[in-house]
Every structure is written in C-alpha cells, then in structure tokens.
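Observations on chain architecture
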Amino acid sequence: MNNETLLKNLRNVPDFPIPGIQFKDVSTLFKNPKCLKIMVNELYDIYKDKGITKVVGIESRGFVIGAALALKLGAGFVMCRKPGKLPAETLQESYMKEYGKDTIEIHKDAIGENDVVLIHDDLLATGGSMKAAYNLVQQFHPRKTYINFIIELTGEGLNGREVFDPETEISILLKV
Ligand code: AMP
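Read on for a plain summary of the structure.

What counts as what
Residues numbered from 1 in each chain as written. Predicted model: local features only at pLDDT ≥ 70, side-chain atom pairs only at ≥ 80, totals over all residues. Heavy atoms only, no water. 1 Å grid on protein atoms, 1.4 Å probe; cavity = no way out; pocket = protein on both sides within 12 Å on 5 of 7 lines; lining within 4 Å. Points joined across faces, edges and corners; volume = space filled by probe spheres on them. Helix = DSSP H or I, 4+ residues; strand = E, 2+ residues; numbered from the N terminus. Nonpolar A, V, L, I, M, F, W, Y, C, P; charged D, E, K, R; others polar. Axes fitted to C-alpha atoms, helices over the stretch in contact; angles between N-to-C directions. Parallel < 35°, antiparallel > 145°, perpendicular 65-115°, else oblique. Left-handed = near helix turned anticlockwise from the far one by under 90°. Contact = heavy atoms within 4.5 Å. Expected span 1.5 Å × (residues − 1). Buried < 20%, exposed > 50% of the residue type's maximum accessible area, 1.4 Å probe, protein only. Pairing = 2+ DSSP bridges. Right-handed = clockwise from strand over helix to strand, strands pointing away.

1. Regarding the layout of surface pockets
- Roughly 1300 Å³ of internal volume is contained in the largest pocket.
- F23, R61, K97, L123 and A125 are, among the 37 residues lining the largest pocket, the residues nearest its centre.
- If you list the elements that add at least two residues to the lining of the largest pocket, you get β2 (22-25), β5 (90-96), β6 (101-107), β7 (116-124) and α5 (128-138).
- Counting residues per element, the lining of the largest pocket draws most heavily on β7, which supplies four residues.
- Grouping the constituent residues of the lining of the largest pocket by class yields 18 nonpolar, eight polar and 11 charged.

2. With respect to the packing of helix α3 (residues 33-47) against helix α4 (residues 62-73)
- Across the interface, α3 lies against α4 with an axial gap of 10 Å and an inter-helix angle of 50 degrees. Between α3 and α4, the interaxial angle falls into the category oblique. Seen along the crossing, α3 lies across α4 with a hand that is right-handed. For the pair formed by α3 and α4, the contact residues are L36, M39, V40, N41, L43, Y44 and Y47 on the first element and I65, A68, L69, K72 and L73 on the second.

3. Considering α4
- With 12 residues, α4 ought to run about 16 Å at 1.5 Å a step, and its terminal C-alpha atoms sit 16 Å apart, in line with that.
- If you check which residues of α4 are buried, you get G62, F63, I65, G66, L69, A70 and L73.
- Where α4 is buried, its residues contact α2 (27-30), α3, β3 (54-58), β4 (76-80), β7 and β8 (144-152).
- Downstream of α4 by one or two residues, G74 has phi in the positive range, about 75 degrees.

4. Things to note about the pairing of β4
- Sheet analysis places β3 next to β4, joined by five bridges and oriented parallel. If you follow V55 over to β4, its bridge partner there is F77.
- For the handedness criterion, the β-α-β arrangement of β3, α4 and β4 is classed as right-handed.

Functional significance is not addressed by these values, which are geometric in nature.
Quick look at the structure:
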C-alpha cells in the first residue's frame, strides 16, 4: 500500500468544488503511463485468484481503472451510472448525500447469481456512494462481492469503512 510513485503523482486541488474540500485529482494518475500500470498491476495481484467475473465501475472515475482491470482479470465490465443514462431496464438505489438525495442505476441484466463481483471507485470518503452501489449489486444475489478504491480519505471525522459490514472485503491502494 501507499506506493511512492502514486503518492507523488496524485494532485491535491484545494477548495474544489467548494471551499474547504481538498480534492484528490486522480486524473494525474490516469494520464501517467507508469501510474496507470502500477494501479492495474497492483489490483490484478490482489484479485487475480478471487474468481472475479464482473467488475462494476462507479460513474465516472470508476470506469477507467475498472475497465482496464476487468480486461486483465478476464472479467466483464458493468457501468453503475447516474439516473437516466442507461438505456435499458434498470435497478436503482437512492442514498443520502450531504445536501439531498442521489440515485444510481445498473442494467437489470448486468449481473447474475453466478457472478463474483468487484465494485471499483476512485475514492472512499463517507462511503455513501459505494454503499449504494453495494446494496444495488446485492439485489442480484451474486456469489460474492468485493470492494476496491484507489484512495481512502482519512481524517476530519471521515470513516467511510464503517458503513460496511466488517466482513466485507475492502482493498485500497493509497491512504491519504
Ligand atoms: P463518498 O460517497 O462520500 O464516499 O464519496 C465518494 C465519491 O465522491 C467518489 O466517487 C469520489 O470521486 C468523490 N469524492 C468525494 N470526496 C472527494 C475528494 N476529496 N476528492 C476527490 N473525489 C472525492
């Protein structure tokens, strides 16, 4: 964990999108070929023997590494999207954000009961959006569901992991 090259290349943008937020900008990791390779290879090492059949990426930063990892694992890739973006029938899950409610969707035929699922997103803050994605995936009754983030935010009273059952297997590459 905490690969020096990743840490060194992660950009922090103060006061984005609102004053007081330290925004961790993963675009500086995505654009760097070395970082891209490190992220995908480290995740591949964690999940290569888990029998993952579907990687679910959360819109939109979860699509980048999620799809690359799915390819390397020999798994399929599923998009978890904001409302109104997926064209066919969907299952939905709503969750509370700091201000108001948000909803995410997955296609109804995206996952089956025989799948072993890995849900991926770029960053864990409060855990709200990943918990909603996790609940959504559980509606399909897959064999097992793993969770991964590139970054876990710590401090400032954040404890995103607490929203998950302690038995849920969560991996991260960087703690900042
Ligand atoms: P949460 O649901 O609170 O865990 O928030 C996680 C989602 O919000 C992820 O999809 C992140 O991309 C985004 N996010 C929240 N806080 C930050 C931050 N400080 N820097 C970058 N992205 C963030």
